[in-house]
Amino acid sequence: MSKPSDLIQGTLDLLILKTLSLEPKHGWAIAKRIEQVSHEALQITQGALYPALHRLEHQGWIRARWRTTETGREAKFYELTRAGRVQLEKELAEWERLSNAVGLIVRMV
Amino acid sequence: MEPGRWWNLARMRFSSLVRRGRVDEELDKELRFHLDQQIEENLAAGMPLSEARFAAMRRLGGVAQIQEECRDMRRMNYAHDLVQDLRYAARTLVKERGFAALVALTLGLGIGANSAIFSVIDGVLLKKLPYRQPDRIVRVFFSSNTYPKFPLNPFDFRDFRTRSRSFQALAAFTRSDVQLSGSGEPVRLAAFRVTAGYFDVLGVTPALGREFDQSDEVPGNGNALILSDRTWRSEFGAAPDIIGRKITLDSQPATVVGVMPPGTEHPGNSYHALPYGNSVDAWRPFTFEGDPNDRGSHFLEVIGRLKPGVPRAQAQAELNTLLPQIASEHGGYRGWHMLAVELYREIVGANERLLLVLLGAVGLVLMIACANVANLLMARATARQREIAVRSALGARQSRLVRQMLTESLLIALAGGALGLVFAAGGVKALVSLLPADFPRVDSIHVNAAVLGFTLLVALAAGFAFGLVPALEAARAYPQQGLREGARGSTDTGLHLRLRSVLVVAEVSLASILLAGAGLMLRSFVNLLRMDPGFRPEHVLTADLTLPITEYKTPAAARAFEDSLITNLSSAPAVKYAGIGTDLPWTGYDENIGGFTIEGKNPPPGEEFHGRYHAATPDYFRALGIPLERGRFFTKADNQGAPQVMIINSTMARFYWPRRDALGARIAFSDTPKEKDWMTVVGIVGDVKDTPTSRGAEPAFWWPALQVPFVMNNGVMSVAIRSDSDASQLANVLRREVHHLDPALAVYDLRLLDQITDANLASARFAFFLVGLFATLAVGLAAVGTYGVIAYSVGRRNHEFGLRMALGASRWDVVRLVFRRGVTLAAVGVTVGLLAGLGLARVLRSLIYEVSPADPLTFGAVALLVFSVAALACYLPARRATEADPMTALRAE
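All residue numbers refer to position in the chain's written sequence, counted from 1. Here every chain gets a letter starting at A, and every ligand a number starting at 1, in the order they are written. Per-residue local features are limited, in this predicted model, to residues with pLDDT of at least 70; the limit for side-chain atom pairs, both in listing and counting, is 80 or more; totals at the level of whole chains, interfaces and linings are taken over all residues.

Describing the overall build of chain B
For the purposes of this entry, the term helix denotes a DSSP run of H or I that reaches at least four residues, the term strand denotes a run of E that reaches at least two, and both are numbered from the N terminus. Per the secondary structure count, chain B includes 25 helices and 23 strands. For this measure, only C-alpha atoms enter the radius of gyration; the expected value for a globule follows 2.2 Å times N^0.38, where N is the number of residues. At 38 Å, chain B has a C-alpha radius of gyration far larger than the 29 Å of a compact globule built from 893 residues. Dimensions of chain B, computed from the C-alpha atoms along their principal axes, are close to 140 × 85 × 55 Å. For the exposure call, what matters is how many other C-beta atoms sit within 10 Å of a residue's own: 20 or more marks it buried, 12 or fewer exposed, and in between partly exposed, using C-beta atoms placed from the backbone. The proportion of buried residues among the 893 residues of chain B is 42%. The long-range fraction of contacts in chain B, counting pairs at least 24 apart against all pairs at least 6 apart in sequence, stands at 83%. We call two residues in contact if the C-beta atoms placed from their backbones are at most 7 Å apart.

This is the structure in structure tokens:
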């Protein structure tokens with residue numbers, strides 16, 4: 001099980017922002033979505049997820065709102081702000097650059 | 001970034017700070033939702049309910065940890081922590097009231113002393129002078145090597161005023177008191193004659209009427225008067241119609257033309273000086289009397305306002321290019337140049353050094369107090385080791401522990417600061433009452449906002465200074481150790497003790513520096529007290545009189561008055577000797593030096609012979625107790641018809657007649673003397689210096705009062721009466737005799753000669769008293785610090801001492817062990833302190849009298865004193881060490 005601390009620093013932020021870019025989600029849904037899409041390769045612990053959400057919120061990249069889920073429960077939904085979209089673009093570009101570079105080295109050696 | 005985002009952020013941060021409960025609640029709710037989702041998932045996967053719950057909880061991990069981390073992410077923790085730390089600190093301090101009070105008191109004394117001295121510095125040095133753009137005001141002097149600040153001749157001044165381009169306005173002033181007569185007893189007004197535009201230079205406009213213009217300077221027009229606000233109120237009942245009123249000054253009619261607003265401060269002057277401040281009662285116009293080509297007489301003090309953008313140096317350079325022009329038109333002035341000094345410098349003068357030295361001294365005291373408090377805190381940290389260990393075992397991070405302990409220190413420091421302000425308020429009152437009478441700007445010394453800010457700053461700085469090392473040291477302790485060791489001391493006490501020893505060494509060395517300073521001041525003060533003033537100040541009453549020139553028009557009239565007064569006084573009971581002279585010792589001096597011719601000698605080219613000139617009646621010297629070295633005093637026979645004679649002082653005799661007997665030598669006040677112009681030296685009297693701290697006496701000579709060819713000193717005369725017993729009883733006798741001769745004359749400046757000498761020592765006494773007080777405080781604090789550390793080390797080694805004695809060591813051996821530690825600390829401290837003191841003492845050079853800044857006696861005495869105090873601090877711990885019980889020690893093994 002790979003913990004987020006094994007991820008490259010800041011990658012969790014990218015994953016959260018990317019996950020939220022389609023639609024607002026609550027914490028549980030974010031974690032589930034990341035697990036599903038990565039075919040369970042990435043498991044997000046709550047101990048990492050919620051502090052990250054609060055940090056992103058305090059940086060003004062995401063916004064939180066209490067809403068009712070399909071099952072009729074109150075949950076805190078997070079959505080991207082405009083600044084968050086800009087930040088996501090930035091982080092995506094950065095990630096591309098980094099992963100290409102790492103890929104090059106890994107393939108060459 | 002869009003403003004909306006900022007607004008959101010701000011709202012969020014505010015709510016996470018203020019509505020912390022709600023934010024935590026929401027987080028709870030959010031996590032519970034997550035947990036429920038997990039449980040549902042587990043149930044869906046087929047787990048039974050209890051297992052599903054347990055698995056979900058396990059997966060979630062420590063809720064408290066997540067909460068804490070989320071809070072960290074919200075970044076408002078500092079503020080929360082601060083509130084928490086403050087609460088915790090306040091609780092701790094209340095619990096340890098005695099300790100907190102001791103520390104706050106120590107700091108309060110240190111901070112209070114600093115704030116009090118700062119109040120004086122703020123009032124005297126920092127506050128702007130109460131003039132318009134005061135930094136553009138300069139004082140202008142004539143200057144030579146012998147006379148660095150000499151007054152100007154009126155016509156020279158007038159030439160400078162006309163020709164100079166650097167000044168927006170240039171004015172001159174000279175002391176000239178007047179007697180205001182109206183109803184009742186005549187009143188003496190402290191007054192100045194000033195040229196046109198004098199108040200324009202200062203930038204003060206009259207509250208009523210006008211200031212003088214150049215038409216007032218024309219001889220014959222000088223009978224206008226400008227009143228100070230105080231005189232206007234006290235003498236004229238603040239009459240609104242005062243302008244144009246006819247009054248009587250020195251028995252002459254005069255007209256009031258203006259009233260100055262309150263707070264028109266006199267800028268201070270040197271000749272017949274009035275101190276800076278609210279010291280002048282009235283101003284009269286200066287009139288340019290006499291022959292403009294006769295430029296020998298120098299008595300005008302000059303003040304100017306620089307044009308905008310003209311630096312002081314440039315103005316001085318311009319005056320120096322003008323001087324040779326003016327000199328070439330009228331001859332003379334070789335070796336002289338012009339000097340322009342900022343008014344602020346001139347007013348603050350030597351007091352700046354004194355105040356900065358005092359600030360340094362209190363700064364040292366505060367540093368010692370801080371070291372002492374740090375020591376106390378470290379001692380307390382030992383006692384708190386368990387508490388700290390428990391907290392860190394429970395997960396408090398080291399930085400958090402340091403922060404918390406610093407908060408405690410800062411809280412104590414602020415309490416100390418508050419206490420310091422109370423002390424400062426009292427201290428400032430005491431300081432002001434101790435200040436020498438002629439200290440400038442005493443009125444502007446208050447505990448104000450600046451002092452408040454300074455106190456707060458000093459308190460915070462002190463809090464950090466004494467709090468940081470103990471906090472770091474305490475937080476470094478490892479939890480396991482602290483928990484495990486329980487009752488016995490920690491293994492880390494070695495480092496702890498070393499740190500505390502360093503603090504004590506620092507305290508001792510700082511105290512040694514202060515003691516050395518105080519020692520030098522004490523030696524200097526004793527030297528001043530023991531110095532032979534050159535006169536005998538006991539049982540002498542002095543007073544001043546001014547004969548109005550308008551009433552006593554001729555020298556003969558003045559001489560007749562003097563003669564009758566002396567005759568009547570001398571026959572009064574209890575009067576031993578009564579004399580009249582142009583001035584009194586140590587009451588300021590007139591730099592006006594007569595140029596004269598010495599029979600058979602030629603002055604060096606470009607220079608002339610000169611000396612301070614005075615006049616005296618026969619018993620003047622006896623009344624003051626100035627000794628006759630050779631020859632004779634004046635007698636009644638030295639009058640108009642008799643051959644001209646003079647008395648010179650010892651310095652003048654040595655200076656001009658180094659190789660021959662000055663008695664019988666002749667001088668004359670004429671470049672081409674005729675036989676009748678020569679005056680013969682008939683007596684040589686002892687030297688009296690200008691001030692007690694002057695390097696030496698200036699050459700001086702006296703005319704017999706009965707032979708002075710003109711009215712000297714504008715008719716101002718000083719009376720000195722020596723009595724057998726209490727001279728203050730003579731005041732009424734003097735008043736009666738004066739009014740018997742002239743009921744309109746005011747007798748003023750009635751003082752005992754003792755009081756005059758005392759006032760001259762005030763500055764030295766003030767400096768010595770304060771530095772001594774601070775040094776005493778410092779030594780006391782350092783002694784307590786030393787005691788604390790020795791006592792701690794004895795307590796720690798009690799067991800060892802017991803063992804030693806069980807193994808046969810004598811009590812004496814144990815005592816020696818304890819003392820060795822104390823004396824070592826003291827030795828290192830004294831060595832460091834005295835070396836630093838040797839370097840620092842140089843700043844005292846201008847404040848001490850006839851003591852070398854490296855005076856071996858002082859430094860030796862300081863070392864001895866510090867060792868004695870250190871030994872004293874070791875005494876109690878040493879005694880306790882000898883009481884260590886060998887049996888207990890053995891049993892414990």
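Topic: the overall build of chain A
Counting secondary structure elements, chain A contains four helices and three strands. Across the 109 residues of chain A, 34% fall into the buried class.

So, the sheet that holds strand 1 (residues 25-26) of chain A
To summarise the sheet geometry, strands pair through backbone hydrogen bonds and adopt either a parallel or an antiparallel arrangement. The strand order across the open sheet built from three strands is 1-3-2 (chain A), with neighbouring strands paired in antiparallel fashion. Of all the strands in the sheet, just strand 1 and strand 2 (62-68) of chain A have a single pairing partner and so form its edges. We call two strands paired when DSSP finds no fewer than two bridges between them.

Some details on the nonpolar core
All names here are of chain B. For our purposes the nonpolar core covers buried Ala, Val, Leu, Ile, Met, Phe, Trp, Tyr and Cys residues that link as a set through C-beta atoms within 7 Å. Within the largest apolar cluster, 115 residues are counted, with the highest numbers of intra-cluster contacts made by V365, I368, A511, L514, F774 and A778. For this core, the element with the most residues is helix 22 (residues 753-806), which contributes 20 residues. Excluding residues that lie within four positions of it along the chain, V365 makes contacts with G110, A113, F774, L777 and A778.

What to know about the environment of Y147 of chain B
Residues and elements named next belong to chain B. Along the chain, Y147 falls in the loop between strand 1 (137-143) and helix 7 (154-163). The partly exposed category is assigned to Y147, around which 16 C-beta atoms lie within 10 Å. For Y147 and W336, which are 189 residues apart along the polypeptide, the C-alpha to C-alpha distance reads 9.1 Å.

Overview of the packing of helix 12 (residues 351-383) of chain B against helix 15 (residues 449-475) of chain B
Residues and elements named next belong to chain B. Helix axes use the C-alpha atoms of the stretch in contact, all axes being lines fitted to C-alpha atoms, and the angles between their N-to-C directions lie in the range 0 to 180 degrees. The interhelical angle for the contact between helix 12 and helix 15, taken along N-to-C directions, is 25 degrees, at an axis separation of 9 Å. Between helix 12 and helix 15, the crossing angle belongs to the class labelled roughly parallel. The handedness of the crossing between helix 12 and helix 15 comes out as right-handed. For the pair helix 12 and helix 15, contact is made by L366, C370, V373, A374, L377, M378 and A381 and by A462, A465, F466, G467, V469, P470, E473 and A474, respectively. Throughout this entry, Asp, Glu, Lys and Arg are counted as charged residues, while Ala, Val, Leu, Ile, Met, Phe, Trp, Tyr, Cys and Pro are counted as nonpolar. The remaining residues, Gly among them, count as polar. Tallied by class, the residues present in the contact of helix 12 with helix 15 amount to 13 nonpolar, one polar and one charged. By definition in this entry, angles of less than 35 degrees are roughly parallel, angles greater than 145 are roughly antiparallel, angles of 65 to 115 are roughly perpendicular, and the rest are oblique. Note on convention: the crossing is left-handed when the near helix lies turned anticlockwise from the far helix by less than a right angle, right-handed when the turn is clockwise.

Some remarks on the packing of helix 2 (residues 27-37) of chain A against helix 3 (residues 46-58) of chain A
All names here are of chain A. It is the contact of helix 2 with helix 3, at a shortest axis distance of 11 Å, that shows an interaxial angle of 115 degrees. Here the hand of the crossing between helix 2 and helix 3 comes out right-handed. The residues of helix 3 that touch helix 2, namely those facing G27, I30 and A31, are L49, Y50 and L53. Looking at the contact of helix 2 with helix 3 residue by residue, the class counts come to five nonpolar, one polar and no charged.

Section: the confidence of the model for chain B
Along the chain, pLDDT gives the predictor's confidence residue by residue, from 0 to 100. When the pLDDT values of chain B are averaged, the result is 87; 93% of them are 70 or greater. Predicted confidence is poor over residues 485-491 of chain B, with pLDDT under 50, and the contacts of this stretch with residues over four places away or in other chains come to seven contacts.

Focus: the confidence of the model for chain A
When pLDDT is averaged across chain A, the result is 83; 90% of the residues are at 70 or more. This model gives residues 1-6 of chain A a pLDDT under 50, and the stretch forms eight contacts once residues within four places in sequence are excluded.

Describing unusual backbone geometry
Residue and element names in this part refer to chain B. Even without a glycine there, the phi angle at A574 is positive, about 75 degrees. The class for A574 is partly exposed, based on 15 C-beta atoms found within 10 Å. One non-glycine residue, W586, lies in positive phi territory at about 60 degrees. Within the element layout of this structure, W586 appears in the loop between strand 14 (575-581) and strand 15 (593-598). Assessed through the 22 C-beta atoms surrounding it within 10 Å, W586 is described here as buried.

Focus: helix 3 (residues 49-60) of chain B
The end-to-end C-alpha separation of helix 3 of chain B is 17 Å, in line with the 16 Å expected for 12 residues at 1.5 Å each. G61 of chain B, located one to two residues past helix 3 of chain B, shows a positive phi value of around 85 degrees. The span you would expect from a helix comes to 1.5 Å times its residue count less one.

Let's talk about helix 4 (residues 82-108) of chain A
Working note: α-helix, 3.6 residues per turn, so residues spaced by three or four point in the same direction. An ideal rise of 1.5 Å per residue puts 39 Å on 27 residues; helix 4 of chain A measures up with 39 Å between its terminal C-alpha atoms. Among the 27 residues that make up helix 4 of chain A, two are buried, leaving the element largely open to the surroundings.

Some details on the pairing of strand 2 of chain A
Residue and element names in this part refer to chain A. The sheet contact formed by strand 2 and strand 3 (residues 74-80) spans seven bridges and is antiparallel. Paired with R63 across the bridge in strand 3 is E79. Counting the residues between successive antiparallel strands, the hairpin from strand 2 to strand 3 contains five residues, one of them, G72, with a positive phi of roughly 85 degrees.

Things to note about the environment of A746 of chain B
Residues and elements named next belong to chain B. Topologically, A746 is positioned in the loop between helix 21 (730-741) and strand 23 (748-752). A residue is classified by how many C-beta atoms lie within 10 Å of it, and A746, with 21 of them, is buried. For A746 and R735, which are 11 residues apart along the polypeptide, the C-alpha to C-alpha distance reads 8.5 Å.

Overview of the pairing of strand 3 (residues 178-181) of chain B
Note on strand geometry: in a regular strand, side chains alternate between the two faces of the sheet. In terms of strand pairing, strand 3 of chain B meets strand 4 (residues 187-189) of chain B through three bridges, oriented antiparallel. Note that in strand 4 of chain B the partner of L180 of chain B across the bridge is V187 of chain B.

Observations regarding the environment of G611 of chain B
On the secondary structure map, G611 of chain B appears in strand 16 (residues 609-616). Sequence separation between G611 of chain B and L401 of chain B is 210 residues, and the spatial gap between their C-alpha atoms is 75 Å.

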